Structure formats: C-alpha cells, structure tokens
Amino acid sequence: MNEIRAILDGKGEIDDKQEQAIQLLLDYTKQKDILDKEQSEYIQKIMEDLKFVAVQRKIALIFSIIALVISISAAVFFVLRLFL
C-alpha cells in the first residue's frame with residue numbers, strides 16, 4: 001500500500017511538472033504571437049511609408065520634367081524671337 005502511495009505521489013509530481021511545462025509553453029506561445037503581431041504591424045507601416053515615398057518621388061520627377069519642358073520651351077521661344 002505504501003508503495004502504491006509513493007508511486008501515486010511520484011506520478012502527481014510528474015503531472016505537476018508537466019502542467020508547469022505546458023503552461024510555460026502556452027505563455028511563450030502567447031508572447032510570440034504578440035511579438036509576431038507587432039512585427040507584422042511594423043512591417044505594414046514600413047510598406048505604407050515606402051509607398052508614400054515612392055509617390056512623392058514620382059511627383060517630384062513629374063514636376064522636374066514639367067520644369068525642363070517649360071525651360072526648353074522658353075529657350076526655343078527666345079531663340080525664335082531673335083530670328084523673327
């Protein structure tokens with residue numbers, strides 16, 4: 001009878017240790033999920049910022065081209081006025 005109690009007590013200790021290990025794994029998984037979510041949000045923000053910068057660069061390029069066309073047009077009109 002004492003042997004059975006000793007075995008059951010030992011099993012109870014093993015069960016407690018397994019429950020603690022499972023709880024530790026669950027806590028780790030929750031923390032990892034939170035970190036993954038934060039990283040995903042951060043990556044999404046970076047992607048949005050990069051898209052915004054790309055749009056700004058396109059707009060700057062368009063205005064530069066327009067300014068170049070206007071400058072060339074002004075030079076052409078100036079030269080034409082000299083000869084006409």
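Predicted, not measured: the structure shown is a model, and the values here were computed from it. (Residues numbered from 1 in each chain as written. Predicted model: local features only at pLDDT ≥ 70, side-chain atom pairs only at ≥ 80, totals over all residues. Heavy atoms only, no water.)

1. Here we look at the overall build of the protein chain
Looking only at helices and strands, one finds one helix and zero strands in the protein chain. In summary, the protein chain has a C-alpha radius of gyration of 36 Å against a globular reference of 12 Å for 84 residues, an excess of more than 25%. Projected onto the principal axes, the alpha-carbon positions of the protein chain cover approximately 125 × 10 × 5 Å. Counting across all 84 residues of the protein chain, residues that qualify as buried make up 0%. Of the roughly 8300 Å² that the protein chain leaves accessible, carbon and sulfur atoms contribute 68%. Seen as two clouds, the 11 positive and the 13 negative side-chain charges of the protein chain have centres 18 Å apart. (Helix = DSSP H or I, 4+ residues; strand = E, 2+ residues; numbered from the N terminus. Rg over C-alpha atoms; globule rule 2.2 N^0.38 Å. Buried < 20%, exposed > 50% of the residue type's maximum accessible area, 1.4 Å probe, protein only. Areas by Shrake-Rupley, 256 points an atom, 1.4 Å probe, with all protein chains shown as cover. Lys, Arg positive; Asp, Glu negative; His and termini not counted. Charge placed at Lys NZ, Arg CZ, Asp CG, Glu CD.)

2. Re a negative patch on the surface
Judged by side-chain charge, Asp 9, Glu 13, Asp 16 and Glu 19 come together as a negatively charged surface patch. Turning to its location among the elements, Asp 16 is positioned in helix α1 (residues 2–83). Asp 16 gets classed as partly exposed once you look at its relative accessible area, which sits at 46%. (Patch = residues over 30% accessible without salt bridge, like charges linked within 9 Å, V, L, I, M, F, W, Y side chains within 5 Å. Salt bridge = Lys/Arg side-chain N within 4 Å of Asp/Glu carboxyl O.)

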